[in-house]
Amino acid sequence: MGFWHRNITGSDSVKNCTQEKRAVEKPKEQISGGNAQTPKAKKLKIPLNKTTSEVKYILNSVVFSCPICDEINTLDLNELDPILGGETLCVQCQDVLHVPGGYRTRSELPKLKIYAGLPVAVRKFPVFYWNHPVIHELDERGITRIIIQYGLWGFCQRCHHQFSPAVLMNLPHTTGEIVDYRSLSSDEMVEMKSLRTGCCPYCSHRILLVIISEVPHYVISASENLSHRWDDRR
Ligand SMILES: [Zn+2]
Ligand SMILES: [Zn+2]
């Protein structure tokens, strides 16, 4: 978790008060605090999920080592949805693992990876989400809504309750921000209200295990066939 401390205290433009006298002779732009263009343009570098692409087939199962603890895990292919894949817990470290459905259908195999959950404090989730390269890429393509169906998984680290992606992606950055609850189900409302206070509604734990994965092409084309509402721009 040391990562977050590094980045959040990262405003370095104020550090050199002692050198201000010399700055009178050599004008420096950084002293005028008025240029509003730059401050937020700096993208936060966030940690990404650990993954493995070393996956073997044995009978009707995939066998792989956990990206976190290296323990060998086995998953029956029948437990994988061909499009949505499946989630499982590492038998050793109990981290959440996402296995893409392409392993079952053998689609896009060279690009597929198994993802392990990353611990993210509930309070830091919006920063993590909005700085994630996958989310930026989906946003540029105008298909961010696909993340409700595929690409974002969030679980309580302690009780493993799985949160709705629609709740997670709409979590506000600050406590004062107004949230539109109308599109949420009553279960999602419970999640939203509790996560806004920084904790799991069922066990009060404050850390999520989050996976944000790349969205394979077969998921995008399936979504285009199933429903057009995912891409509002067309
Ligand atoms: Zn493990
Ligand atoms: Zn919990």
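A brief structural summary. (Residues numbered from 1 in each chain as written. Chains lettered and ligands numbered in written order. Predicted model: local features only at pLDDT ≥ 70, side-chain atom pairs only at ≥ 80, totals over all residues. Heavy atoms only, no water.)

### Comments concerning the overall build of the protein
The number of helices and strands found in the protein is 8 helices and 11 strands. Across the 234 residues in the protein, those meeting the buried criterion constitute 41%. Taking all contacts inside the protein whose residues are at least 6 apart in sequence as the whole, residues at least 24 apart take part in 59%. (Helix = DSSP H or I, 4+ residues; strand = E, 2+ residues; numbered from the N terminus. Buried < 20%, exposed > 50% of the residue type's maximum accessible area, 1.4 Å probe, protein only. Contact = heavy atoms within 4.5 Å.)

### Focus on the coordination of the zinc ion (ligand 1)
Protein ligation of the zinc ion (ligand 1) involves Cys66 (SG), Cys69 (SG), Cys90 (SG) and Cys93 (SG), the donor distances falling in the range 2.3 Å. Each of the 4 donor atoms around the zinc ion (ligand 1) contributes to a set of angles spanning 102 to 116 degrees, which defines the coordination as tetrahedral. Sequence positions of the residues that donate to the zinc ion (ligand 1) give the spacing C-x2-C-x20-C-x2-C. In this pair, Cys69 sits in the loop between β3 (61-65) and β4 (72-76) while Cys93 sits in the loop between β5 (86-89) and β6 (96-99), placing the two residues 24 residues apart along the sequence. Cys69 sits in the partly exposed class, given a relative accessible area of 29%. (Donors = N, O, S within 2.8 Å, 3.2 Å for Na, K, Ca; no water. Tetrahedral: all angles 85-135°; square planar, octahedral: opposite > 155°, others 65-115°.)

### Structural notes on helix α7 (residues 186-196)
Inspection of α7 places Glu188, Glu191, Met192, Ser194, Leu195 and Arg196 among the buried residues, and these make up the whole buried set. Its buried side turned inward, α7 meets β10 (162-163), α6 (165-169) and β11 (207-212). One or two steps after α7, the chain reaches Gly198, where phi turns positive at roughly 95 degrees.

### Quick word on the coordination of the zinc ion (ligand 2)
In this structure, Cys156 (SG), Cys159 (SG), Cys200 (SG) and Cys203 (SG) serve as the protein donors to the zinc ion (ligand 2), at separations of 2.3 Å. Coordination at the zinc ion (ligand 2) is tetrahedral, judged from the 4 donor atoms that bind it and the angles of 97 to 118 degrees they form at the metal. Counting gaps between the donor residues of the zinc ion (ligand 2) yields the pattern C-x2-C-x40-C-x2-C.

### Structural notes on the pairing of β11
Of all 6 residues making up β11, 5 are buried, and the element is well covered by its neighbours. Looking at chain direction, strand β8 (residues 118-121) and β11 are connected through 4 bridges and run antiparallel. Paired with Leu118 across the bridge in β11 is Val210. Relative to β11, strand β9 (residues 152-156) runs antiparallel, the two being bridged by 5 bridges. From the neighbouring strand, Cys156 faces β11, where its bridge partner is Leu208. (Pairing = 2+ DSSP bridges.)

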